[in-house]
Amino acid sequence: MAEFCLDCWNRLNKRKLKKNQVVLSEELDLCEGCGEMKYVIDEIVKFDLCRSCFAAFFGENFLK
């Protein structure tokens, strides 16, 4: 499976995902897009309406 950092994944897929919408690797890994050692995407978090409403009410920083 190809491993991309968040910036490269967004650029290749024309998306604007943020860090709270993905699960990043625990260790640095080689991004196949830019060739740099970065945290790569392990999983894309599915949309959660409750989480989104909570974040809208309390703010994104509250969920971190």
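Residues numbered from 1 in each chain as written. Predicted model: local features only at pLDDT ≥ 70, side-chain atom pairs only at ≥ 80, totals over all residues. Heavy atoms only, no water.

(A) Region of interest: the overall build of the chain. In terms of helices and strands, the chain carries two helices and four strands. The helix and strand sequence of the chain, counted from the amino end, reads α-β-β-β-β-α. Looking at the chain residue by residue over its 64 residues, the buried ones come to 20%. Considering only residue pairs separated by 6 or more positions, the chain has 40% of its internal contacts joining residues 24 or more positions apart. For the chain, the computed accessible surface area is about 5300 Å², with 55% contributed by carbon and sulfur atoms. (Helix = DSSP H or I, 4+ residues; strand = E, 2+ residues; numbered from the N terminus. Buried < 20%, exposed > 50% of the residue type's maximum accessible area, 1.4 Å probe, protein only. Contact = heavy atoms within 4.5 Å. Areas by Shrake-Rupley, 256 points an atom, 1.4 Å probe, with all protein chains shown as cover.)

(B) Main features of unusual backbone geometry. Phi at K14 takes a positive value of approximately 50 degrees, unusual for a residue other than glycine. Mapped onto the fold, K14 is located in the loop between α1 (6-13) and β1 (22-24). Note on K14: relative accessible area 77%, which makes it exposed.

(C) Quick peek at the environment of K38. Within the element layout of this structure, K38 appears in strand β3 (residues 37-38). We classify K38 as partly exposed; its relative accessible area is 24%. Residues K38 and F4, 34 residues apart in the sequence, show an inter-C-alpha distance of 8.6 Å. Contact partners of K38, with chain neighbours within four places excluded, come to C5, D7, E27, L28 and D29.

(D) Examining the side chain of N10 more closely. Topologically, N10 is positioned in helix α1. A polar contact is formed between the side chain of N10 and the backbone oxygen of L17, at a distance of 2.9 Å. Once residues within four sequence positions are removed from consideration, N10 is found in contact with R15, K16 and L17. (Polar contact = N/O pair within 3.5 Å; in protein donor to acceptor, adjacent residues only side chain to side chain.)

(E) Expanded view of a negative patch on the surface. Taken together, E26, E27, D42 and E43 make up a surface patch of like negative charges. Tracing the chain through its elements places E27 in the loop between β1 and β2 (29-30). For E27, a relative accessible area of 62% gives the class exposed. (Patch = residues over 30% accessible without salt bridge, like charges linked within 9 Å, V, L, I, M, F, W, Y side chains within 5 Å. Salt bridge = Lys/Arg side-chain N within 4 Å of Asp/Glu carboxyl O. Lys, Arg positive; Asp, Glu negative; His and termini not counted. Charge placed at Lys NZ, Arg CZ, Asp CG, Glu CD.)

In short, the description is geometric, and any link to function would need to be established separately.
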